[in-house]
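# Secondary and tertiary structure notes
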Amino acid sequence: MVHRARLVWATGGVVLSLTLLVGCGLAAQPVVTRLPPAASGTSAVPSASPTSNGASTDESPTSPSPGATASVAPGDASVTACGEGGSATVNGSERSVRVEGTCAQLSVSGSALTVDASAATIGALTMSGDRIRVTASAVDDATVQGNDTSLTVAGTLGRLDLSGDRAAVAVEWSLGSVIVRGQDSVITARGGIGDSTIDGRGNSVG
């Protein structure tokens, strides 16, 4: 009898323990609420906000590149005066100059210059550059260096030293002496030409 009672109690203890274990295992677990992460674009600050014309305000306006400063040549037929026995210099490009007076020395340098010295008397004339045109009444000594130059003398030309190609020299009276270095130049003098030294091809002196 006693043995049966102990068996009943032991069996009941086992059943009670299993019931407690099962009850604990079936108990409701706590629910963890997970919120979705915030949208990646909500916290970013836009780098530029559109303007009314659709352009971004963070774009720096394009500054115009500074243009080259244009050199303004003097007006056509600007006057250069030598006075009585003075000297004058004409330089630049694509301009016209009128020279007056009695010039002990006149220097012309540049390109595409036109010099009217028909009202001047010139002792020593120096021309240096391309496409220079000089008209003079009379010249004692002329030195010409460059290509496609032109010298017209209404009176006499004492001496000509020419270095360059395709020059044209016309003397109404006489030409005392001439030295030519270059090609395809034409030198004429109605009153005749004195001593001449020609170094180059295609030159005409007469």
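Computed from a predicted model, the values in this text were never measured in an experiment.

What follows concerns the nonpolar core. In this structure, V99, V108, L125, L151, L157 and L160 are the most contacted members of the largest nonpolar core, which totals 34 residues. Broken down by secondary-structure element, the contributors of at least two residues to this core are β1 (78-130), β2 (133-145), β3 (150-153), β4 (157-163), β5 (168-171), β6 (175-181) and β7 (186-189). Counting residues per element, this core draws most heavily on β1, at 15 residues. Leaving out residues up to four positions away in the same chain, V99 has contacts with T80, C82, V90, L106, V115, D116, A117, A119 and A120.

Scanning the model with the defined rule gives one disulfide in all. Across the disulfide, C82 is cross-linked to C103 (sulfur-sulfur distance 1.9 Å). Here the disulfide of C82 and C103 is right-handed, its torsion about the S-S bond being about 90°. Overall, C103 belongs to the buried group, its relative accessible area being 2%.

Okay, unusual backbone geometry next. One non-glycine residue with positive phi stands out, namely E94, at about 50°. With respect to the helices, strands and loops of the structure, E94 is situated in strand β1.

Once that is clear, we can look at the confidence of the model for the protein. Confidence in the prediction of the protein, expressed as mean pLDDT, is 76, and 63% of residues score 70 or more. Considering only residues more than four positions removed or in separate chains, one finds that residues 1-5, a stretch of pLDDT under 50, has zero contacts. Here residues 7-28 scores under 50 on pLDDT; set against residues more than four positions off or in separate chains, the count is zero contacts.

To continue, consider the side chain of T149. Tracing the sequence through the fold places T149 in the loop between β2 and β3. If sequence neighbours within four positions are ignored, T149 has contacts with M127, G129, R131, I132, V144, L162, R166, A167 and A168.

Position of R181 relative to the elements: it lies in strand β6. In the structure, R181 is positioned 19 residues away from G200 in sequence and 5.8 Å away in space, judged by C-alpha atoms. For R181, the residues in contact, after removing those within four places along its chain, are D161, L162, S163, G164 and D199. At 2.6 Å, the side chain of R181 forms a polar contact with the side chain of D161.

Next up on the list: the pattern of salt bridges. In total, this model carries six salt bridges according to the counting rule given. One salt bridge connects R166 with D148, and the closest N-O pair in it is separated by 2.8 Å. Residue R166 is found in the loop between β4 and β5, and its partner D148 is found in the loop between β2 and β3; the two are separated by 18 residues along the sequence. You can call R166 partly exposed: its relative accessible area is 41%. Here D148 falls in the partly exposed class, since its relative accessible area comes to 34%. In this structure, a network of salt bridges that share partners links the residues D141, R159, D161 and R181.

So, how was this worked out
- Residues numbered from 1 in each chain as written.
- Predicted model: local features only at pLDDT ≥ 70, side-chain atom pairs only at ≥ 80, totals over all residues.
- Heavy atoms only, no water.
- Core = buried A, V, L, I, M, F, W, Y, C linked by side-chain atoms within 4.5 Å.
- Buried < 20%, exposed > 50% of the residue type's maximum accessible area, 1.4 Å probe, protein only.
- Helix = DSSP H or I, 4+ residues; strand = E, 2+ residues; numbered from the N terminus.
- Contact = heavy atoms within 4.5 Å.
- Disulfide = S-S within 2.5 Å.
- pLDDT = per-residue confidence, 0-100.
- Polar contact = N/O pair within 3.5 Å; in protein donor to acceptor, adjacent residues only side chain to side chain.
- Salt bridge = Lys/Arg side-chain N within 4 Å of Asp/Glu carboxyl O.

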